[in-house]
Amino acid sequence: MQRTLAVAYGLVAYLIFFATFLWLVAFLAGLPFVPTTVDDGVNGQPLAQAMVVDLALIALFGLQHSVMARPRFKAAWTRIVPSSLERSTYVLAASLMLALLLWFWHPIEGTVWDVRGTAAEPVLWTVFAIGWAVLFISTWLINHFELFGLKQSWNHGRPADPGPAKLREPMFYRYVRHPLYLGFSIAFWSVPFMSIGHLLFVIGMQVYILIGIAHEERDLRAHFGSAYDDYSARVGKLLPGIGRRARPTA
Ligand SMILES: C[S@@+](CC[C@H](N)C(=O)[O-])C[C@H]1O[C@@H](n2cnc3c(N)ncnc32)[C@H](O)[C@@H]1O
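Residues numbered from 1 in each chain as written. Predicted model: local features only at pLDDT ≥ 70, side-chain atom pairs only at ≥ 80, totals over all residues. Heavy atoms only, no water.

> Explain the site of the ligand here, please?
Every one of the 14 residues lining the ligand counts as a neighbour, but Arg168, Tyr173, His178, Leu180 and Glu216 are closest to it. Contacts to the ligand include Glu216, whose side-chain N or O atom sits 2.6 Å from a nitrogen atom. In the complex, 86% of the free accessible area of the ligand, which totals 570 Å², lies under the protein chains. Counting residues per element, the shell around the ligand draws most heavily on helix H8 (residues 179-189), at 3 residues. Residues belonging to the shell around the ligand are distributed by class as follows: 10 nonpolar, 1 polar and 3 charged. (Near = heavy atom within 4 Å. Polar contact = N/O pair within 3.5 Å; in protein donor to acceptor, adjacent residues only side chain to side chain. Areas by Shrake-Rupley, 256 points an atom, 1.4 Å probe, with all protein chains shown as cover. Helix = DSSP H or I, 4+ residues; strand = E, 2+ residues; numbered from the N terminus. Nonpolar A, V, L, I, M, F, W, Y, C, P; charged D, E, K, R; others polar.)

See below:
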């Protein structure tokens, strides 16, 4: 019974994540079938107020992501929630924070670039789709079911996994250390119409991605030791060959 509930919880968290993720894609593409989009109507709020709200929403999203992903937080948190449900709870919290951001986002008028109706438009939409594809494929290269907590909730009642067992370099990971974040970055920037509000979203998220990478790499280095130092010295961070780290001297 407990295991059935745990699996159901994991599935619900995953479905909520998936719905929110699709909303994010449609939000940035300006598609009509979601509750809000990045440039959805101008609500007449003063610019400063809209910027403060938007930046606060991004900061809140980044804070939740960064704090809940840290090993020290997980160690404390798993005294309250079963370790088999820790990842699903993280996924659920992250999805709710993202939904909050998308729902309360304040659009900001003003054009940064607009190439709609030109030959560049289909090119940018293609790159936009490639970005999401890189991201989606990357989740499978690491372990899709583990990344979204489904594996852990399925194994409820069994001993908890101590974390990533082995440093791996499948496909994109051979060329960049963070293909999943690269996918986000490609999709974020590749739109034919970039408003000031959209640019604020993209820059805010890009800054968060760089902060998130710094935190994640510290944990990966602590977990994998010199193997991660070697990987970081050979493989670029977000772009092939760029952002490699010097090997620490002994
Ligand atoms: C949200 S995923 C993002 C992975 C990576 N930063 C990216 O952008 O593709 C984060 C988890 O992936 C795992 N991970 C990241 N790089 C890895 C690698 N090279 N091998 C094995 N696991 C990895 C770690 O467990 C980390 O907590």
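Here the narrative resumes.
> Hey, could you run me through the UniProt feature "transmembrane region" (unreviewed entry) in the protein in this one?
The sites that carry the UniProt feature "transmembrane region" (unreviewed entry) are, in the present numbering, residues 12-34, 46-68, 89-108, 123-142 and 180-211. As annotated, residues 89-108 comprises 80% helix and 0% strand, and the C-alpha atoms at either end are separated by 33 Å. Along residues 123-142 the backbone is 100% helical and 0% strand, and the end-to-end C-alpha distance reaches 29 Å. (UniProt positions renumbered as here; feature names shortened; annotations may be inferred.)

> I tried to follow the nonpolar core on my own but got confused; where do I start?
For soluble globular proteins, the rule of thumb is that nonpolar side chains tend to be buried together. Counting 55 residues, the largest nonpolar core has Leu101, Trp132, Phe188 and Phe201 as its most contacted members. Every element with two or more residues in this core is listed here: helix H1 (2-29), helix H2 (47-68), helix H4 (83-104), helix H5 (120-142), H8, helix H9 (196-224) and helix H10 (226-234). Once residues within four sequence positions are removed from consideration, Phe188 is found in contact with Leu28, Trp132, Met194, His198, Phe201, Val202, Met205 and Ile209. (Core = buried A, V, L, I, M, F, W, Y, C linked by side-chain atoms within 4.5 Å. Buried < 20%, exposed > 50% of the residue type's maximum accessible area, 1.4 Å probe, protein only. Contact = heavy atoms within 4.5 Å.)

> What is the right way to look at H8 in this model?
Since one α-helical turn is 3.6 residues long, residues separated by three or four positions face the same way. Most of H8 is tucked away: 8 of the 11 residues are buried. Restricting attention to buried positions, one finds in H8 the residues Pro179, Leu180, Leu182, Gly183, Phe184, Ser185, Ala187 and Phe188. Those residues of H8 that are buried lie in contact with H1, H5, helix H6 (144-147), strand S2 (193-195) and H9.

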